[in-house]
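Residue-level structural notes
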Amino acid sequence: MSEKKVLILNQKQIQQKIERIAYQILEDNLEEKELVVAGILTRGFTIAKRLKSVLDKISSIKVTLMSIELDKDSHHLQASADVPLKEVENQAVILVDDVFNSGRTLVYGLGYFLNIPLKKIRTVVLVDRSHRRFPVAPDYTGLQLATVLKEHVLVVLDSPGEEDAVYLTWAASK
């Protein structure tokens with residue numbers, strides 16, 4: 001069996017989606033002086049860095065970048081971050097991931113912040129596949145894509161020798 005691959009978003013389109021999301025975040029947080037943009041490693045953090053870059057250009061809001069490492073295969077929340085939770089208390093947090101599939105990763109990401117007081121928390125995904133198994137949905141989405149479970153969304157960001165892109169892939173018989 002070989003793998004089929006169709007380009008869904010090219011590098012320019014990815015950047016346009018990120019810029020649009022940054023403006024939506026700004027609109028939703030005009031009253032804030034500070035924001036925390038927390039990206040789930042690895043591609044969610046790459047998107048978070050790009051969101052921070054755009055937000056820095058279009059607003060005077062102080063944006064703190066945070067990376068969150070989750071054990072996505074664990075049946076219990078196991079997470080760590082490069083910024084202590086105490087430093088994000090009583091702030092608005094934007095949690096970022098690349099692809100929303102079942103919702104497990106976002107639920108784990110949200111769970112990381114459950115035991116501290118926050119002003120609000122919002123979620124961002126570049127691609128929403130809408131195969132929800134958990135009662136969570138992204139607040140900001142770059143692209144909503146109807147897929148079947150056998151298809152996979154591949155996000156390529158900052159890969160040496162490859163241009164940033166989003167592909168829809170699936171196994172195809174010969």
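Our subject is the structure listed above.
Residues numbered from 1 in each chain as written. Predicted model: local features only at pLDDT ≥ 70, side-chain atom pairs only at ≥ 80, totals over all residues. Heavy atoms only, no water.

As for the overall build of the protein chain
- Counting its secondary structure elements, the protein chain contains three helices and nine strands.
- If you list the helices and strands of the protein chain from N to C, you get β-α-β-α-β-β-β-α-β-β-β-β.
- Relative to the compact-globule value of 16 Å for 174 residues, the protein chain shows a C-alpha radius of gyration of 16 Å, a close match.
- Taking the principal axes of the C-alpha coordinates as reference, the protein chain spans close to 55 × 35 × 30 Å.
- Looking at the protein chain as a whole, 47% of its 174 residues qualify as buried.
- A distance of 4 Å separates the average location of the 23 positive side-chain charges in the protein chain from that of its 23 negative side-chain charges. (Helix = DSSP H or I, 4+ residues; strand = E, 2+ residues; numbered from the N terminus. Rg over C-alpha atoms; globule rule 2.2 N^0.38 Å. Buried < 20%, exposed > 50% of the residue type's maximum accessible area, 1.4 Å probe, protein only. Lys, Arg positive; Asp, Glu negative; His and termini not counted. Charge placed at Lys NZ, Arg CZ, Asp CG, Glu CD.)

Observations regarding the side chain of Arg-129
- Structurally, Arg-129 can be placed in the loop between strand E6 (120-128) and strand E7 (140-144).
- Among buried Asp, Glu, Lys and Arg side chains, Arg-129 stands out as unpaired, with Glu-151 the closest opposite charge at 5.4 Å.
- At a separation of 2.9 Å, a polar atom in the side chain of Arg-129 contacts the side chain of Thr-147.
- If we skip the residues at most four places from it in the chain, Arg-129 touches Val-99, Phe-100, Asn-101, Leu-145, Thr-147, Val-148, Leu-149, Glu-151, His-152 and Val-153. (Salt bridge = Lys/Arg side-chain N within 4 Å of Asp/Glu carboxyl O. Polar contact = N/O pair within 3.5 Å; in protein donor to acceptor, adjacent residues only side chain to side chain. Contact = heavy atoms within 4.5 Å.)

Some points on the side chain of Ser-102
- Mapped onto the secondary structure, Ser-102 falls in the loop between strand E5 (92-100) and helix H3 (104-111).
- Within the local environment of Ser-102, its side chain forms a polar contact with the backbone nitrogen of Arg-104, the two atoms lying 3.3 Å apart.
- If near-sequence neighbours (up to four positions away) are discounted, Ser-102 is found in contact with His-131, Arg-132, Arg-133 and Phe-134.

Section: the sheet that holds E7
- Across the sheet, six strands lie side by side as E4-E3-E2-E5-E6-E7; this open sheet has mixed pairing. Among the strands making up the open sheet, the edge pair consists of strand E4 (79-81) and E7. Averaged over neighbouring strand pairs, the angle between their axes works out to 25° when direction is ignored.
- Pairing between strand E2 (residues 34-40) and strand E3 (residues 62-70): seven bridges, direction parallel. Note on E3: the bridge partner recorded for Leu-35 is Val-63.
- Each of E2, E3, E5 and E6 is contacted by H3, which is oriented at about 160° to E5, the strand it contacts most. (Pairing = 2+ DSSP bridges. Axes fitted to C-alpha atoms, helices over the stretch in contact; angles between N-to-C directions.)

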